[in-house]
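What the coordinates show
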Amino acid sequence: VCNILVQKGITDFESAKNYFRPQLSHLHDPWLMKDMHLAVARIEKAIAANEKILVYGDYDVDGTTAVACMYMFLKSQYSHVEFYIPHRYKEGYGVSKAGIDFAAENNFTLIISLDCGIKSTELVHYAKTLGIDFIICDHHLPDTVLPPAIAILNAKQSDCTYPYKELCGCGVGLKLIQALCSKWQLPDENYLQFLDLAATAIAADIVPLTGENRTIAFYGLKKVNENPCIGMKAILKLAAAKDAIHINNLVFMVAPRINAAGRMDDAKKAVMHFIEKDFDKAVEYAEMLHADNSERKEADANITGRKSTRLGKEC
């Protein structure tokens, strides 16, 4: 065990203790992230002016969990909030023109993008011409030229001094929620309640289980096992999970069902599943996700079979 720890760069008792027994106090101050003050100020301005806010995210596990967390949090504090997930095949990955046009047609003046947006320079500029501001929460590597957003929360920016660089998109969104809780003097539970979804995003996106990710995953798994959100409870029931849930269960049991929504149909149902407050309705959404996943597995098997047959003939 000591040899493995040393290979991981853990060479003293204190760092080994933190590795095996993470504490919530290990989570970094969200205000250390570049543009966090700008993001919070713009959200407060939107609320004060009664603006409509659109929470926009990618169609995979990281994006849909991030949207669910941000939407539920903002909706608990402010009524004029909706969410938007682009259709994988009609709109493609990331911020889409169709999504921006939807925002313009429905009088949204602020878009908070999660797990996407850092590469959407032209589209963010297009939104700006329509009077729509962007706050980008992303973890993908930025280009040299950044989108003209009001705020960009991404620890991988060269001039961002945030101590941990490997957060997933949902993790970046969680830091924004944490900062808003701090500014509005809300109890920590207002952002800690989302740790089970953040842990699922960490597992699905295969980001390093180090530092802050390890702490979020540790306490997220604790929440999954002790007090999961209604959507998580429904999906675990449908998956017939009986034993304690580990990170592998999130990777291979939960994540494929969420991902399947975007691959086979519309990922909006994944968000609807996680924001649902009625358990019976959440089970209905879970059944839809389960059906999508079964269809996805069948499609994968058919594609693999056709490829094998073709290769066999060629050989």
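Please read these numbers as outputs of a predicted model, since none were measured by experiment. (Residues numbered from 1 in each chain as written. Predicted model: local features only at pLDDT ≥ 70, side-chain atom pairs only at ≥ 80, totals over all residues. Heavy atoms only, no water.)

**What to know about the overall build of the protein**
The secondary structure content of the protein amounts to 14 helices and five strands. Here the C-alpha radius of gyration of the protein, 20 Å, is about what a compact globule of 315 residues would show, namely 20 Å. When its C-alpha atoms are laid out on the principal axes, the protein stretches across 60 × 55 × 45 Å. Counting only contacts in the protein whose residues sit at least 6 apart along the sequence, the fraction spanning at least 24 positions is 68%. As displayed, the protein has an accessible area near 14,900 Å², and 53% of this comes from carbon and sulfur atoms. Side chains of the protein carry 35 positive and 39 negative charges; the gap between the two charge centres is 3 Å. (Helix = DSSP H or I, 4+ residues; strand = E, 2+ residues; numbered from the N terminus. Rg over C-alpha atoms; globule rule 2.2 N^0.38 Å. Contact = heavy atoms within 4.5 Å. Areas by Shrake-Rupley, 256 points an atom, 1.4 Å probe, with all protein chains shown as cover. Lys, Arg positive; Asp, Glu negative; His and termini not counted. Charge placed at Lys NZ, Arg CZ, Asp CG, Glu CD.)

**Quick look at the environment of Gln185**
Along the chain, Gln185 falls in the loop between helix H7 (169–183) and helix H8 (189–192). Here the alpha-carbon distance between Gln185 and Arg257, two residues 72 residues apart in the chain, equals 36 Å.

**Some points on the packing of aromatic side chains**
In the structure shown here, the tally under the stated rule is seven aromatic pairs. Between Tyr19 and Phe20, the ring centres sit 5.4 Å apart and the planes meet at 85°, which makes this aromatic pair edge-to-face. Their ring planes at 40° and their centres at 5.1 Å tell us that Tyr84 and Phe102 sit as a pair that is tilted. Of this pair, Tyr84 sits in strand E2 (residues 81–84) while Phe102 sits in helix H5 (residues 97–105), and the two are 18 residues apart along the sequence. (Phe/Tyr/Trp six-rings, centres within 6.5 Å; stacked < 30°, edge-to-face > 60°.)

**A few points about the layout of surface pockets**
Reported here for the largest pocket is a volume of approximately 390 Å³. Lining the largest pocket we find 19 residues, and of these Met72, Gln193, Phe194, Ile275 and Lys277 sit closest to its centre. Among the elements of the structure, helix H4 (61–77), H8, helix H11 (230–238) and helix H13 (268–275) are those that each provide at least two residues to the lining of the largest pocket. Counting residues per element, the lining of the largest pocket draws most heavily on H4, which supplies five residues. Its residues assigned to classes, the lining of the largest pocket shows nine nonpolar, five polar and five charged. (1 Å grid on protein atoms, 1.4 Å probe; cavity = no way out; pocket = protein on both sides within 12 Å on 5 of 7 lines; lining within 4 Å. Points joined across faces, edges and corners; volume = space filled by probe spheres on them. Nonpolar A, V, L, I, M, F, W, Y, C, P; charged D, E, K, R; others polar.)

**Some words on the packing of helix H3 (residues 36–48) against H7**
Direction vectors running N to C along H3 and H7 enclose 65°, while the axes themselves pass 10 Å from each other. As summarised for this structure, H3 and H7 are arranged roughly perpendicular, according to the angle between their axes. The chirality of how H3 crosses H7 is right-handed. Taken together, the residues of H7 that come into contact with H3 (itself represented by Met36, Ala39, Val40, Ile43 and Glu44) are Lys175, Leu176, Ala179, Leu180 and Lys183. Per-class residue counts for the contact of H3 with H7 are seven nonpolar, no polar and three charged. (Axes fitted to C-alpha atoms, helices over the stretch in contact; angles between N-to-C directions. Parallel < 35°, antiparallel > 145°, perpendicular 65-115°, else oblique. Left-handed = near helix turned anticlockwise from the far one by under 90°.)

**Observations regarding the pairing of strand E1 (residues 52–57)**
The element E1 is extensively covered by neighbouring structure, given that five of its six residues are classed as buried. Relative to strand E3 (residues 108–114), E1 runs parallel, the two being bridged by six bridges. Paired with Gly57 across the two strands is Leu114, which belongs to E3. (Buried < 20%, exposed > 50% of the residue type's maximum accessible area, 1.4 Å probe, protein only. Pairing = 2+ DSSP bridges.)

**Focus on empty space enclosed by the protein**
Counted under the stated rule, the structure contains one cavity of 30 Å³ or more. Looking at the largest cavity, its volume works out to about 30 Å³. Lining the largest cavity, in full, are Val124, Lys128, Ile132, Asp133, Phe134, Pro148, Ala149 and Ile150. Of the residues in the lining of the largest cavity, the class split is six nonpolar, no polar and two charged.

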